[in-house]
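The lines below spell out each chain.
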Number of protein chains: 2
Amino acid sequence: MQWLIENNNSSKEAAPDNGNRFLVGNGYMGIRGTLDEHGRDQLAAVNLAGIYDRVGDGWREPLNAPNPLHTVIYAEGKALALPEMEAVHHVQSLDFYHAILMRKTTWKTPKGAVTVESRRFADMVHPHLIGQEFTVSVDAPMEIQILAEIDTDIWEIYGPHYNKIEYSRENDNLYCLAYVQNGRDQVAVGRKCRISGQADQNDRFERGEKAGAFIYDLHMEPGKPVTLKSVCAVYTTNDEAEPLAAVQAALREEHDFEALLDTHKEAWDKIWAVGQVELEGDDMARDCINYSLYHLNCIAPRHRNDLSIPARGLSGQTYKGAVFWDSEMFILDYFLYTQPEVAKSMVRYRIDTLPGALEKAKSYGWQGAFYAWESQEGGYDGCSDYNVTDVFTKRPMRTFFRDKQVHISAAVARAVMLYTDVTGDVSLLAKGGARTVLECARFYYSLLVKRATGDRWEIHDVIGPDEYHERVNNNAYTNKMAAETCRWAIKAAEKLKESDGKAYAEFCVQTNAEEFLPKLSQTVNSIYVPEPNESGVIPQFDGYADLEDTTVQEVRNRLLDPREYWGGAYGVASHTQVIKQADVVTMLEMFHGDYSQEILRKNWDYYEPRTEHGSSLSACMYALLACRFGEPDQAYPFFMKSAQADWLGGGKQWAGLVYIGGTHPAAEGGAWKVLAEGFAGLEWTDNGPILRACLPKGWKRVAFRFCCRGKWYRAEVEPDAAEIIEL
Amino acid sequence: MQWLIENNNSSKEAAPDNGNRFLVGNGYMGIRGTLDEHGRDQLAAVNLAGIYDRVGDGWREPLNAPNPLHTVIYAEGKALALPEMEAVHHVQSLDFYHAILMRKTTWKTPKGAVTVESRRFADMVHPHLIGQEFTVSVDAPMEIQILAEIDTDIWEIYGPHYNKIEYSRENDNLYCLAYVQNGRDQVAVGRKCRISGQADQNDRFERGEKAGAFIYDLHMEPGKPVTLKSVCAVYTTNDEAEPLAAVQAALREEHDFEALLDTHKEAWDKIWAVGQVELEGDDMARDCINYSLYHLNCIAPRHRNDLSIPARGLSGQTYKGAVFWDSEMFILDYFLYTQPEVAKSMVRYRIDTLPGALEKAKSYGWQGAFYAWESQEGGYDGCSDYNVTDVFTKRPMRTFFRDKQVHISAAVARAVMLYTDVTGDVSLLAKGGARTVLECARFYYSLLVKRATGDRWEIHDVIGPDEYHERVNNNAYTNKMAAETCRWAIKAAEKLKESDGKAYAEFCVQTNAEEFLPKLSQTVNSIYVPEPNESGVIPQFDGYADLEDTTVQEVRNRLLDPREYWGGAYGVASHTQVIKQADVVTMLEMFHGDYSQEILRKNWDYYEPRTEHGSSLSACMYALLACRFGEPDQAYPFFMKSAQADWLGGGKQWAGLVYIGGTHPAAEGGAWKVLAEGFAGLEWTDNGPILRACLPKGWKRVAFRFCCRGKWYRAEVEPDAAEIIEL
C-alpha cells in the first residue's frame, strides 16, 4: 500500500476540495491542504479545536489562527503563486501514513524556470507545533524574493473574530498576537525561520504596510537551492493564560525541523500499528478505508481529555466546528475499539456538558438533559433557530434542528453505555456518566404524552435523523432510542450501585433516582415504537405512508434552484416519502437483534430507493444493515460511498445558501463501522467480542486490531473463516 | 335614510369591487353588480348556492350559471360597452331597500347621444327568477342593435365546468342547457324577452357563430325610447331532475316584469319590517349597518331549509363557495334573532353534514366529528392541503387549515346550543343536534393528550383563529372552546332526555353516550385553558411570549412582495407576536362572563396593537370586547371597520397568489353583533333577553326588533335608557 494521494489540479475551483483532501492535523489543529502561497480566497486555514467566538448576530464558530505557513516567492519582482500564475508542472501529494503534505511546482519565468518544493506537518507529538520546509531552485541565475509571513488576512465565515493584531520579532522568530473581539480570548502564533543554501541573503522585518513577515532577497544560481525551514507554534488562552509567552517559550527551544519530523513519524507509526486495516483483494477499498482513518486520527483529541470531534472535523468553520450526534453514532466506535482514551475524551466531553444540556431542556420547559444539536464549548448549542437560508428570498428559514431533533440525547446516553460496556471502565459512570444517562432518560420521560383515548406513551413533534420531515409524531428511530435510553438509565444506575456505593449514594441525592427510576420502569414498556405494517415496513413516523410516493429523481427534477433546501415546510422532499438519509434503517441497524432478517431486508428494500443519501451519515447505515441480513455485496457500494466520502472529494456543498463543505468524519467513522462491525461482524457481547463475518465478493482477507476491556485482539477474517486472536 | 349607494367609476379596475358592492341576490343566487354588457373579464357572475363542481385537480367551487342578463347595444355597428367605450355620463346605483340594481349611461356617438337605463332584481319571492329592464333612448335618429343573450363565456376560477351547451328557442324565450363536466349536474337558464316602443324591430335567432342570443335591429328616433324587459329563470339538477323543463315551465307562465317587481318589493318590505336597525345620531353608521344587513338578506338561504351561508356569500367562486366558521360565529346571530328559520337552516346544514365530519375525523385517526374547514355540499371539505401559492416560487404551499384548525367543530356545537337556547326550539336536538354536539365533544376528547409529567389535558398541534401561527400547542381559544363543547355535549344530552325520551334512547344507541358522557364529565375540568400571566395577559398559545415582539408596520415593511403570505412556516408574521386577527380576544368575547373586566381590557390592550386585522373577522371581535369592558368609543372604529367592510369595498384581495376578493358576510354579521350585542348589549339569559347597553358618543337612539323563544321584542336604547318591549 502506497499511503499516498496526489493531485495536480491547481485551479481556483479545486482549492476548496484540495483543502479538505490534503488536510494535516493533530487534534489540536487542522491545517487545510492548501498551498504555501494560499490565503483567504483559497480557504487556507489553521483551524483550532475547541475555541469559539461569535460576532454580533452571526453564527458562533471556531477560530482559525493567523496562518504562519504563508510563504510566497517572487521572481524578478513577480509573484509565483497558484492559481493566478500558471505553473508548467505542479503536483500536490499527501503521505497519509506519516501525515506529511508535499508539493512540487515549477513556473516558467522570462529568465528561466523556478521550482518550489515544500513539506508540512502538524506535529503529532507536540500538538502546538507545525513544521514547514520550503525549497526553491532555479535553472538560470535570477533574483528571488521569499515572503515568509504570519498571514492575518485569513478566511472567516462569520468574522472578523480578531479586532487587534500585534506583531513582534525576536531574532529569527516572528510573533503575532491576535485579540479575539469577545475581549476574553487571544490567539498567539509564532514562526521561527531558518534559511540555508548558497545564496546571498538578508532579511527585512517589514515591507510596505505589511507587518509580521520576513522577506528574503536572494540572488540565486542553478544547482544552488535555498531551503527555508520554519517551525511554527500556536497557543490560545484556552491553553495558557499568556499564549504569546507560551509561543515564545516554545520557539526559543532549539527545535530542529528534522528531529521534530522524526518523532512525528514515530507517533504515526504507533497509531497505525494498532489503527490500520489490512485488506487483501480490493486495493481501492483498502486505500480508502485507511485514508478515512488517517483523517480521523488527524482530528482525534489527544492534547486534552475532554474534547470531542466536530462534524466537519478540523477542516474549517463550516458546521460551526460543532459536535453533532455524528460523534457518538458514527465516529466513536473506531476509537472505542482502537484508542479507548480518545473515546473516553469524547464521552467526557458530553458528561462535562451536562449542565448545558440540563439548561437547554429547562429553557424549552422539559426536564432532564437535552443535549445541544450543535455542541460547542461548554455544551453551548451553536444551532440557530434559523439554520438555512432561503435561496429565493435570501431570508433565514425557521428550522427545528435545535428544538425538535431530540434524538441527540439518546446518542449521548448510548455512548456512555457503549464505552462502559466495551472498555469495562466503569469509572465514568461514577464521574457523571450514570447521571448523564439518567438525565437523558428524564428528558424523554418529560416528552411522553398519552392520548385520552390511548394507553401508550407517544413522542410528538420531533425531527428524526431524516431532517427533511419536520415536526412529525412517533418517529420510529426517536421513540425506540427514547425507550432504550430509559432502559439504559436503569442499567446505568444498577451498574453504579454495584461498582461504587458511595458514588451511587451521591448520584441518588443529585438525581432523586430512587423516586424517578421506579416511575421510569413502570413507563418504559408502554412507550410506543412503531411496528412493521402488513408489508413488513416500519413507517418512519405517523402518516408517512400517506405522503406522495415518488422517486428521488422526480423530487430532484422539481428543484428550481440547485442550492435550494429539500426540507423545511415547503421543500421538494417534505411532502413526499423521499428522505434525506437512513432513518428507520438506522434504527434497525442499532437494534437489529430485535427484528427478523426478513424485516431488516424489507425495510432496506423499501427505504433505499426513497433515500437521497443527502447526508454523509446515510450510506454506512445502509451498508451495515445489508450486512445484518447477510448481503455484503448489497452493502459494498454503500460502504465504498462512505469510505470514499473524502477520498473522492466533492459531496454536498450547499444547504440553501449556507456553505457546508469540509471533511466528513462521520462517513469515515461509518466506513470503519461497516468494515469492522459489518463485514467482519465485530460485536461486543457479555461473553466478550465475537465476529459474524460476511465479506464482499473478491475480498480475500481483512485484519485489524481492537481492544475490549483492556485486552488487545486481532480480527482475522477470510471468506470462509473468522478468528479473534488475543494478543 | 336613503337606502341608496351610487358609483360612477366604470373603469376596468373598479369592476371587481362594484361587482361585490352592487350585488343583488335572493339566497338562491347572487348576481354580481356588474353592468349589463359585462362578461368574464369584469367578473360578471350569476353565482349559485349549494351546487359545486371540481375540474381535475383544481379546487372544487360553486357554479356560476350562464348569464341571461348579458345585453349589449350597438350604435351604427359599434358596441357601446363599458369600460372599453367611454361614456359621457355614467352612474350605477343600488336601492338596497328593495334590492334593485340600476344604471344609467350615456355615450356620445358620431350621430348623437345614446342613453341606456336599466334595472335588475333577483326575485325574493320566486327564487329562480330574475327581472331585467333595459331602456335605450337617442337624441338623434340612428340605427341601434340590441344583443340580448345568455352568455356562456362566463367567469370561472377553476373551470371550465361546462363541457356541453345546448341552446334552444321558443317564441320570445331563449333557453340554454349547460352540462356540468362531472356528468351528473345540469344548469338550465332561460330568458324571456319583451321589447316595446315605437321603433321598427325584428329579431333574429343567431348571428354568426354565436348562439343563444336575440338581436334586435332598431331604427330609433329621439323621444321614442325602446324598452327590453327580460324575465329570466335558473334551475339546476339540485332543484329538479329536468332543469330545462322547469325553466321552460317557469317562463311559459305569464310573468309580468312589473308584477314580479311589486311582489319582490313587498317581500323586502317584510324583511326590513323586522330586520332593519334604526339609529339616530350617526347617519353613516346607520347606513352602513343596514347596507350590511341588506347583503346578509341577499344571501340568506330561504328556498331550502338545509343550506348555510358561504364565507364570500354569493359573490362568486372565491373561497370556493364554502361555509366556514364565519357562519356560526359571526353570521348566525342576526338571523337567530330576526329570522330564526334562516338560522335553523344554517344549523340544519351542519347537522346534515355530520356524516362528512365523522368521516373527516376518522380519516385523520380521530374520533367524533371534525367539521370541514371549507364545507361544501354534503360537508365535503373543499379546503386543500395546499391552500396558498408561494409568490416567489409559484409553488403551492402546504397549509394546515384543513387538518389543524380544529376549532371549527366547537363553532358548530355552539350554534346548535345557541339556536336551541334562544329559539327554545328543542326539535333540532332530537333531529341530530344532540348527536352533533356530542360527536364534536368526542372529537376534542380524542385530541386530548396528557404528559407523563403533567396532570392536565392539553391540545397540541393546532391553528387557532389567528392563522399566521401554525401548529401551536394549547391555543387558548381552541382549548376553551373544546372544554365548553364537552360541557355542551353533557347539557345537550340532558335537554334531549328531558324533552324527548324516545329520541334520547335512540341517541344513546347511536352514540354510546351513557358510556362516553361519564368519561367526559371526569375529564372536562382537567382540560387546560391558559390563564392570564402576571400582566393579566393570556398567552395565545405555548411559547407565544417568546416570539419576537414587534409591530404590524415593521412586519409589513419586511414584505418583499405585497401579495406574499404573512403566515405559514416562513411568513413575515409567523415568528413574531403579530397576529392576523382576534384570537384570545375572540375567546374572551365568547366567555366574557368568566373573566374580570380588567382582564378583558388588559388583553385587548395587549393584543390590539399586535393585530393586523388581516381578516374581516377581526374588527368586530375587538369592538365587542371593548363594549364588554364598557368602552363603546374604543369599540366604535372597529365596529365601523366591520360595518363598512363592503360599503367601502377594497379589502384584502390576495393570499399569496390566490384571489380572495368578494363580499364579507362575517363582517356584516359581526357588525350587527356589535350593534345589538355590544352597544345595545342584547343577551339571552335563562330569564329571557336582557340589554347591557353602552352607546358610542353621539348616538341618540338605537332600535331593532328581535325574537326569542317565539316572542317578538323591540329593543329601544338611548344614551341613558335601554328597554325591551314585548310586541
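Look up a bit, the structure's there.
Residues numbered from 1 in each chain as written. Chains lettered and ligands numbered in written order. Predicted model: local features only at pLDDT ≥ 70, side-chain atom pairs only at ≥ 80, totals over all residues. Heavy atoms only, no water.

**Quick notes on the pattern of salt bridges**
Pairing is possible between side chains of opposite charge, provided their charged atoms come close. Residues and elements named next belong to chain B. Tallied over the entire structure, the rule returns 99 salt bridges over all chains. Measuring nitrogen to oxygen at the nearest pair gives 2.8 Å for the salt bridge that ties Asp-549 to Arg-610. Residue Asp-549 is located in the loop between α13 (513-524) and α14 (552-557), and its partner Arg-610 is located in the loop between α16 (597-607) and α17 (619-628); the two are separated by 61 residues in the primary sequence. Using a relative accessible area of 45% as the deciding quantity, one classes Asp-549 as partly exposed. With a relative accessible area of 14%, Arg-610 lands in the buried category. Ionic pairing is found between Asp-561 and Arg-563, a salt bridge with its closest N-O pair at 3.5 Å. Note on Arg-563: relative accessible area 31%, which makes it partly exposed. (Salt bridge = Lys/Arg side-chain N within 4 Å of Asp/Glu carboxyl O. Helix = DSSP H or I, 4+ residues; strand = E, 2+ residues; numbered from the N terminus. Buried < 20%, exposed > 50% of the residue type's maximum accessible area, 1.4 Å probe, protein only.)

**Section: the sheet that holds strand β5 (residues 61-65) of chain A**
Residue and element names in this part refer to chain A. Overall, antiparallel pairing links the 4 strands, which are arranged β2-β3-β4-β5 in an open sheet. Taken across any chain shown, the strands that pair with only one partner, and hence form the sheet edges, are β2 (24-25) and β5. Where β2 lies against strand β3 (residues 29-31), 2 bridges are found, and the strand directions are antiparallel. Bridge pairing in β3 places Val-24 opposite Ile-31. (Pairing = 2+ DSSP bridges.)

**What to know about the environment of His-460 of chain B**
In this fold, His-460 of chain B is placed in the loop between β22 (449-451) and α11 (476-499). Under the relative-accessibility criterion, His-460 of chain B is labelled buried at 16%. Setting aside residues up to four positions removed in sequence, His-460 of chain B forms contacts with Val-449 of chain A together with Val-449, Arg-451, Val-472, Asn-473 and Asn-474 of chain B. For His-460 of chain B, the side chain forms a polar contact with the side chain of Glu-458 of chain B, separated by 2.7 Å. (Contact = heavy atoms within 4.5 Å. Polar contact = N/O pair within 3.5 Å; in protein donor to acceptor, adjacent residues only side chain to side chain.)

**Brief notes about the packing of aromatic side chains**
Residues and elements named next belong to chain B. Under the counting rule described, the total for this entry stands at 91 aromatic pairs over all chains. Between Trp-59 and Tyr-158, the aromatic rings sit 5.2 Å apart at their centres with planes inclined by 45 degrees, giving tilted as the arrangement. With Trp-59 in the loop between β4 (46-53) and β5 (61-65) and Tyr-158 in the loop between β12 (142-151) and β13 (162-170), this residue pair connects regions lying 99 residues apart in the sequence. Tyr-158 gets classed as partly exposed once you look at its relative accessible area, which sits at 28%. Ring centres of Tyr-337 and Trp-672 lie 6.0 Å apart, and the angle between their planes is 35 degrees; on these two criteria the pair is classed as tilted. (Phe/Tyr/Trp six-rings, centres within 6.5 Å; stacked < 30°, edge-to-face > 60°.)

**Structural notes on the nonpolar core**
The biggest cluster of nonpolar side chains holds 447 residues, and the ones touching the most others in it are Phe-639 and Phe-704 of chain A together with Phe-639 and Phe-704 of chain B. At 12 residues, helix α11 (residues 476-499) of chain A tops the list of elements feeding residues into this core. Residues in contact with Phe-704 of chain A, not counting those within four places in the same chain, are Gln-276, Val-277, Trp-672, Leu-675, Ala-676, Ala-680, Leu-682, Tyr-713, Arg-714 and Ala-715 of chain A. (Core = buried A, V, L, I, M, F, W, Y, C linked by side-chain atoms within 4.5 Å.)

**Some words on the relation of the copies chain B and chain A**
Superposing chain B onto chain A takes a rotation of 180 degrees combined with a translation of 0.0 Å along the rotation axis, leaving an RMSD of 0.0 Å. Taken together, the rotation and translation relating the two chain copies correspond to the operation of a two-fold axis. In terms of proximity to the rotation axis, the leading residue of chain B is Lys-450 of chain B, whose C-alpha is 2.7 Å off the axis. When the interface residues of chain B are mapped onto chain A, 100% of them are again interface residues, pointing to one common binding face. (Least-squares fit on C-alpha atoms with pLDDT ≥ 70 in both.)

**Section: the pairing of strand β15 (residues 186-197) of chain B**
Residues and elements named next belong to chain B. Within β15, 9 of the 12 residues are buried, leaving the element largely enclosed by the surrounding structure. Count of turn residues in the strand β14 (residues 173-180)/β15 antiparallel hairpin: 5 residues, of which Gly-183 carries a positive phi of about 80 degrees. Relative to strand β18 (residues 226-236), β15 runs antiparallel, the two sharing 11 bridges. From the neighbouring strand, Cys-193 faces β18, where its bridge partner is Ser-230.

**Some points on the interface of chain B and chain A**
The partner chain A presents 30 residues to the 30 residues of chain B that form the contact. Around 2600 Å² of area is buried between chain B and chain A when both sides are counted, 55% of it from carbon and sulfur atoms. If you sort the residues of chain B by the area they bury against chain A, Arg-395, Ala-452 and Tyr-570 of chain B come out on top, with a joint share of 28%. Our count for the chain B to chain A interface comes out at 2 salt bridges. Taking the shortest distance from any N to any O, the salt bridge between Arg-395 of chain B and Glu-564 of chain A comes out at 2.8 Å. At the junction of chain B with chain A, the criterion picks out 10 residue pairs in polar contact (both at pLDDT 80 or more). Those elements that provide at least two residues to the side of chain B that touches chain A are α10 (427-447) and β22 of chain B. Considering only residue class, the side of chain B that touches chain A consists of 15 nonpolar, 7 polar and 8 charged. (Buried area = accessible area lost by both parts, 1.4 Å probe. Nonpolar A, V, L, I, M, F, W, Y, C, P; charged D, E, K, R; others polar.)

**So, the packing of α10 of chain B against α11 of chain B**
All names here are of chain B. Running from N to C, α10 and α11 point in directions that differ by 150 degrees, and their axes come no closer than 8 Å. Taken together, the axis directions place α10 and α11 in an arrangement best described as roughly antiparallel. Classified by chirality, the crossing of α11 by α10 is left-handed. Where α10 abuts α11, its residues Leu-429, Ala-430, Ala-434, Val-437, Leu-438, Cys-440, Ala-441 and Tyr-444 lie against Ala-482, Thr-485, Cys-486, Trp-488, Ala-489, Ala-492, Lys-495 and Leu-496. Partitioned by chemical class, the residues of the contact of α10 with α11 number 14 nonpolar, 1 polar and 1 charged. (Axes fitted to C-alpha atoms, helices over the stretch in contact; angles between N-to-C directions. Parallel < 35°, antiparallel > 145°, perpendicular 65-115°, else oblique. Left-handed = near helix turned anticlockwise from the far one by under 90°.)

**Considering the packing of α17 of chain B against helix α19 (residues 665-679) of chain B**
All names here are of chain B. Orientation of α17 relative to α19, taken along the N-to-C sense of each, is 5 degrees, at an axis distance of 9 Å. Overall, the two elements α17 and α19 adopt an arrangement that is roughly parallel. Only Gly-670, Ala-671, Lys-673, Val-674, Glu-677, Gly-678 and Phe-679 of α19 make contact with α17, whose side of the interface consists of Cys-620, Met-621, Ala-623, Leu-624, Cys-627 and Arg-628. Among the residues forming the contact of α17 with α19, the class breakdown is 8 nonpolar, 2 polar and 3 charged.

**Concerning the environment of His-38 of chain A**
All names here are of chain A. Of note, His-38 is situated in the loop between β3 and β4 (46-53). Counting along the chain gives 686 residues from His-38 to Ile-724, while the straight-line C-alpha distance between them is 48 Å. Those residues in contact with His-38 that sit more than four places away from it in its chain are Ala-15, Ala-44, Asn-67, His-70, Leu-82 and Pro-83.

**Thoughts on a negative patch on the surface**
Taken together, the side chains of Asp-256, Asp-262, Glu-266 and Asp-269 of chain A define an acidic patch exposed on the protein surface. If you trace the backbone, Asp-269 of chain A turns up in helix α3 (residues 257-275). (Patch = residues over 30% accessible without salt bridge, like charges linked within 9 Å, V, L, I, M, F, W, Y side chains within 5 Å. Areas by Shrake-Rupley, 256 points an atom, 1.4 Å probe, with all protein chains shown as cover. Lys, Arg positive; Asp, Glu negative; His and termini not counted. Charge placed at Lys NZ, Arg CZ, Asp CG, Glu CD.)

**As for helix α10 (residues 427-447) of chain A**
Residues and elements named next belong to chain A. With 21 residues, α10 extends 30 Å between its outermost C-alpha atoms, agreeing within 8% with the 30 Å of an ideal straight helix rising 1.5 Å per residue. Along α10, the largest kink reaches about 60 degrees and is centred on Gly-433. Most of α10 is tucked away, with 17 of its 21 residues classed as buried. (Expected span 1.5 Å × (residues − 1). Bend = angle between axes of the 7 residues up to and from the residue.)

**A few points about the environment of Pro-532 of chain A**
Residues and elements named next belong to chain A. Mapped onto the fold, Pro-532 is located in the loop between α13 (513-524) and α14 (552-557). By relative accessible area, which is 26% here, Pro-532 ends up partly exposed. The spacing of Pro-532 and Arg-103 is 429 residues in sequence and 55 Å in space, taken between C-alpha atoms. Residue contacts for Pro-532: discarding those within four places in its chain leaves Val-537, Ile-538 and Ile-599.

**With respect to the side chain of Gln-132 of chain A**
Residues and elements named next belong to chain A. Counting through the fold element by element, Gln-132 comes out in strand β11 (residues 129-138). The exposure class assigned to Gln-132 is buried, which follows from its relative accessible area of 0%. Among the polar contacts made by the side chain of Gln-132, one reaches the side chain of Arg-191 at a distance of 3.0 Å. Among residues more than four places away in sequence, those in contact with Gln-132 are Asp-36, Leu-69, Thr-71, Arg-119, Arg-120, Arg-191, Leu-228, Lys-229, Ser-230 and Phe-257.

By themselves, these observations are geometric and do not establish any function.
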